[in-house]
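Single-letter residue listing:
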Number of protein chains: 2
Amino acid sequence: MALELVSENKSFGGWHKQYRHFSRVLDCTMQFAIYLPPAAMLGEKVPVLYWLSGLTCTDENFMQKAGAQRLAAELGIAIVAPDTSPRGEGIPDDPDQAYDLGLGAGFYVNATMAPWCDHYRMYDYVVAELPALVEAHFPVSQHRSVAGHSMGGHGALVAALRNPQRYASVSAFSPISNPCNAPWGQKAFTAYLGDDREAWQSYDASVLMAKPQGLVAALVDQGLADSFLARELHPEALLAAAKDSGYPLTLRQHEGYDHSYYFIASFIEEHLRFHAGHLQKEA
Amino acid sequence: MALELVSENKSFGGWHKQYRHFSRVLDCTMQFAIYLPPAAMLGEKVPVLYWLSGLTCTDENFMQKAGAQRLAAELGIAIVAPDTSPRGEGIPDDPDQAYDLGLGAGFYVNATMAPWCDHYRMYDYVVAELPALVEAHFPVSQHRSVAGHSMGGHGALVAALRNPQRYASVSAFSPISNPCNAPWGQKAFTAYLGDDREAWQSYDASVLMAKPQGLVAALVDQGLADSFLARELHPEALLAAAKDSGYPLTLRQHEGYDHSYYFIASFIEEHLRFHAGHLQKEA
């Protein structure tokens, strides 16, 4: 699993770097970004926050727009941002090139249906292959947290709920909290997983949180001026599941904030401090 | 001068907004962005930092990538980011569509040569027309500072050096400090101003700083891993001019940092605190 450096920029005394590597899970070449805080450059093994982005994004959106590096540098946390789907020659895309299926829209599931199933295995990629690669090549510990936005908020919650032993904490901005009951989720799950709704449930955070396999502390922020809130996001389903099962979920609602990175940037400091607290407890 | 709201996003308790308006100076419709801190939403008249972007940028780059809103909110400073050239139907562009001439490359001069002279008057736009518009329509004071990056660092320094009474302070990241002696500057000045090098000098920060009309405190940050440093930027010319004239310039050089927004984001807090200090002295 060789890594090819694509770019590097010094940032808050640490380094933002982009790498390409061949993913066996996705059977294609993938790019990801990593922010290494100053502590990591001094040989210290730092914990890692995995950031899963939303529809249409690549590894770049979060690194350029969230303003997370300042706090990551201060707190001594690395951040890894993968792409949102397999890409490249031979990777299938939606025939209509819709933004919510195919390229840029992997939905963090392991597809079982043709033509997707050969490459669209983003769940295994972000939960297992990418962390193994990162832990083999960078000065990082095995203490991990996971966070994301929208489709990536869904991905982060599902990753933590299905693998409580692997993550110290999980957070999300504006997650697709109940994809089984939302148009984006239904479209993607039908394509990637087929019509059997049983199969969908293992990728639905609200279903999983109702019967948790373990308790990973969860923080969710939702803007109340988010134009996708009523139709696609359903945080009320997540909240109801947490209440039923006694899950440690903090859901905060923010007047006036929308679905954009301006919202994420406004509260990313609190997410990083939340993760740092839980990562320190583990360490 | 009517303003048309294009978009708005809540950000750090304040608002990022984009507006369109007809510019008489540029004879075309222009878009700009403004960040209004929470204090401005409460009716307080806040000072304004004008941010001038570099080649190829629009009003969006700084607002999305610099991470400036957090401090602007805390310090109670509005930020205005104009576009980098006139745009739209009938606006001339470089026939070769080069990134360093024409659209996205106005160089903050008043062009005197055809075909540019009817629209490419970014100096008058950013120094006079845009501040008048902003001060007429938003809860801001007439206390102004100006900052920029690369071509916009050149623009900011020239604006302050030629109008010391209009600005409390000026700062720049990686400015084109001596455009008369740099390929980007020579190409743009030849096109916009003609072959008469006398005319170029009133848009050259190093020439202006050697014989200042007044003293506006200046802060310049330069990355030492900036790939444009040796050929295009010439901070040493600016430093020599400041030494000759006793100009209050602080030039800082930063090991390992490049020409990107990762550099800007790393030090924008110090620029905002620098401007806040000078704007408070004025108020």
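Residues numbered from 1 in each chain as written. Chains lettered and ligands numbered in written order. Predicted model: local features only at pLDDT ≥ 70, side-chain atom pairs only at ≥ 80, totals over all residues. Heavy atoms only, no water.

Quick question: what am I supposed to make of the relation of the copies chain A and chain B here?
Copies of the same chain, two in number, are related to each other by a rotation about an axis and a translation along it. If you rotate chain A by 180° and push it 0.0 Å along the axis, it lands on chain B with an RMSD of 0.0 Å. In the structure described here, the two chain copies are related by an operation that fits a two-fold rotation axis. Take the interface residues of chain A: 100% of them recur as interface residues in chain B, which is what a same-surface contact looks like. (Least-squares fit on C-alpha atoms with pLDDT ≥ 70 in both. Contact = heavy atoms within 4.5 Å.)

Explain the pattern of salt bridges to me, please; I cannot follow it from the model alone.
Pairing between side chains of opposite charge can happen when the charged atoms of each approach one another. For the structure on display, the rule yields 24 salt bridges over all chains. Salt-bridge contacts for Arg 273 of chain A lead to Glu 269 of chain A; the nearest nitrogen and oxygen are separated by 3.1 Å. Separated by 4 residues within a single helix, Arg 273 of chain A and Glu 269 of chain A lie in helix H11 (residues 261–282), roughly one turn from each other. Among the salt bridges present, the one from Glu 269 of chain B reaches Arg 70 of chain B, with a minimum N-O distance of 2.9 Å. (Salt bridge = Lys/Arg side-chain N within 4 Å of Asp/Glu carboxyl O. Helix = DSSP H or I, 4+ residues; strand = E, 2+ residues; numbered from the N terminus.)

Would you explain the interface of chain A and chain B in this entry?
Many descriptions give the size of an interface as the accessible area lost when the pieces come together. Contact with chain A, which involves 23 residues of that partner, is made by 23 residues of chain B. Of the roughly 1,900 Å² buried between chain A and chain B, counting both surfaces, carbon and sulfur atoms make up 49%. When the buried surface of chain A facing chain B is broken down by residue, Lys 10, Gln 64 and Tyr 262 of chain A rank first, second and third, together holding 37% of it. On inspection of chain A and its partner chain B, the count reaches 0 salt bridges. Across the contact surface, chain A and chain B share 10 residue pairs in polar contact (both at pLDDT 80 or more). Where the side of chain A that touches chain B is concerned, the elements lending two or more residues are strand S1 (4–11), strand S2 (14–23), helix H2 (60–65), helix H3 (69–75) and H11 of chain A. Among the residues forming the side of chain A that touches chain B, the class breakdown is 7 nonpolar, 9 polar and 7 charged. (Buried area = accessible area lost by both parts, 1.4 Å probe. Polar contact = N/O pair within 3.5 Å; in protein donor to acceptor, adjacent residues only side chain to side chain. Nonpolar A, V, L, I, M, F, W, Y, C, P; charged D, E, K, R; others polar.)

How should I be thinking about the sheet that holds strand S7 (residues 169–173) of chain B in this particular structure?
Note: strands within a sheet are paired through backbone hydrogen bonds, in either parallel or antiparallel orientation. Spatial ordering of the open sheet is given by S1-S2-S3-S5-S4-S6-S7-S8-S9 (chain B), a layout of 9 strands whose pairing is mixed. This sheet does not close on itself; its edge strands, each paired only once, are strand S1 (3–11) and strand S9 (249–254) of chain B. The mean inter-strand angle of the sheet, taken between neighbouring strand axes irrespective of direction, is 20°. Across the face of the sheet, H11 of chain A comes into contact with S1 and strand S2 (14–23) of chain B while running at roughly 35° to S1 of chain B. (Pairing = 2+ DSSP bridges. Axes fitted to C-alpha atoms, helices over the stretch in contact; angles between N-to-C directions.)

Even after reading the chapter, I still don't get the confidence of the model for chain A, so can you show me in this structure?
Any residue range with low pLDDT should be treated as having predicted coordinates unsuitable for detailed reading. Across chain A, the average pLDDT comes to 97, with 99% of residues at or above 70. With a pTM of 0.96, the predicted complex shows an ipTM of 0.95. (pLDDT = per-residue confidence, 0-100.)

Hey, could you run me through helix H10 (residues 235–245) of chain B in this one?
The periodicity of an α-helix, 3.6 residues per turn, causes residues three or four positions apart to be oriented the same way. Residues and elements named next belong to chain B. Buried residues of H10: Pro 235, Ala 237, Leu 238, Ala 241 and Ala 242, and no others. One face of H10 carries all of its buried residues, which in axial projection span an arc of 160°. Exposed side of H10, more than 90 degrees from the buried face: Lys 243 and Asp 244 are the residues found there. Buried residues along H10 sit against helix H5 (151–162), helix H8 (205–210), strand S8 (217–223), helix H9 (229–233) and S9. (Buried < 20%, exposed > 50% of the residue type's maximum accessible area, 1.4 Å probe, protein only. Arc of directions from axis to C-beta.)

What am I meant to see in the sheet that holds strand S7 (residues 169–173) of chain A here?
All names here are of chain A. Across the sheet, which stays open at both edges, the 9 strands sit in the order S1-S2-S3-S5-S4-S6-S7-S8-S9 with mixed pairing between neighbours. Two strands bound the open sheet, and with one partner strand each, they are S1 and strand S9 (249–254). The sheet shows a mean angle of 20° between the axes of neighbouring strands, taken without regard to direction. The pairing of S7 with strand S8 (residues 217–223) spans 5 bridges and is parallel. Across the sheet, residue Ser 171 finds its bridge partner in S8, namely Leu 219. Packing of helix H5 (residues 151–162) onto the sheet brings it into contact with strand S4 (46–52), strand S6 (140–149), S7 and S8, and relative to S6 it is tilted by some 135°. Taken strand by strand, H11 contacts S4, strand S5 (78–82), S6, S7, S8 and S9, and its axis lies near 175° from that of S7.

Where do I start with the environment of Ala 66 of chain A in this structure?
Residue and element names in this part refer to chain A. Tracing the backbone shows Ala 66 in the loop between H2 and H3. Note on Ala 66: relative accessible area 1%, which makes it buried. Distance in space between the C-alpha atoms of Ala 66 and Ile 264 is 6.1 Å, their sequence separation being 198 residues. If near-sequence neighbours (up to four positions away) are discounted, Ala 66 is found in contact with Asn 61, Tyr 261, Ile 264, Ala 265 and Ile 268.

Would you mind going over the side chain of His 234 of chain A with me for this structure?
Residue and element names in this part refer to chain A. Locating His 234 in the fold gives a position in the loop between helix H9 (229–233) and helix H10 (235–245). Among the polar contacts listed, one links the side chain of His 234 to the side chain of Glu 236, at a separation of 2.9 Å. The residues contacting His 234, other than those within four sequence positions of it, are Ser 177, Asn 178, Asn 181, Ala 182 and Leu 229.

What is the right way to look at the state of the cysteines in this model?
As used in these notes, a disulfide is a covalent bond between sulfur atoms, one from each of two cysteines. Residue and element names in this part refer to chain B. Throughout the structure, instances matching the rule amount to 0 disulfides over all chains. For the unlinked cysteine Cys 28, the closest cysteine sulfur is that of Cys 117, found at 14 Å. Note on Cys 28: relative accessible area 6%, which makes it buried. Not engaged in a disulfide, the cysteine Cys 180 finds its nearest cysteine sulfur in Cys 117; these two sulfurs lie 20 Å apart. Accessibility expressed as a relative area gives 9% for Cys 180, which makes it buried. (Disulfide = S-S within 2.5 Å.)

What should I look at first to understand the packing of aromatic side chains in this one?
The geometry of an aromatic ring pair comes down to the distance between the two centres and the angle between the two planes. Inspection of the entire model under this criterion finds 36 aromatic pairs over all chains. For the ring pair Trp 116 of chain A and Tyr 192 of chain A, a centre distance of 5.3 Å and an interplane angle of 90° mean the geometry is edge-to-face. Of the two residues, Trp 116 of chain A is situated in the loop between S5 and helix H4 (122–137) and Tyr 192 of chain A in helix H6 (residues 183–193); the sequence distance between them amounts to 76 residues. For the pair formed by Trp 116 of chain A and Tyr 192 of chain A, the shared burial category is buried. A ring pair is formed by Tyr 257 of chain B and Phe 267 of chain B, whose centres lie 5.1 Å apart and whose planes are at 75°; its orientation type is edge-to-face. (Phe/Tyr/Trp six-rings, centres within 6.5 Å; stacked < 30°, edge-to-face > 60°.)

Please clarify how unusual backbone geometry should be interpreted in this entry.
Generally, phi is negative for residues other than glycine and the peptide bonds are trans, each holding for most cases. All names here are of chain A. Look at the link from Ala 114 to Pro 115: it is a cis peptide, with omega at 0°. One non-glycine residue, Gln 97, lies in the positive phi region at around 50°. Counting through the fold element by element, Gln 97 comes out in the loop between S5 and H4.

Would you mind showing me how to read the pairing of S2 of chain B here?
The two faces of a sheet get side chains in turn, since along a regular strand they alternate between them. All names here are of chain B. Counting buried positions along S2 yields 7 of 10 residues, so the element is predominantly enclosed. In terms of strand pairing, S1 meets S2 through 8 bridges, oriented antiparallel. Within S2, the position partnered with Asn 9 by the bridge is His 16. In this structure, the hairpin formed by S1 and S2 is closed by a connection of 2 residues, where Phe 12 is found at a positive phi of approximately 50°. Direction of pairing for S2 relative to strand S3 (residues 28–36): antiparallel, over a ladder of 9 bridges. Within the sheet, the bridge partner assigned to His 21 lies in S3 and is Met 30.

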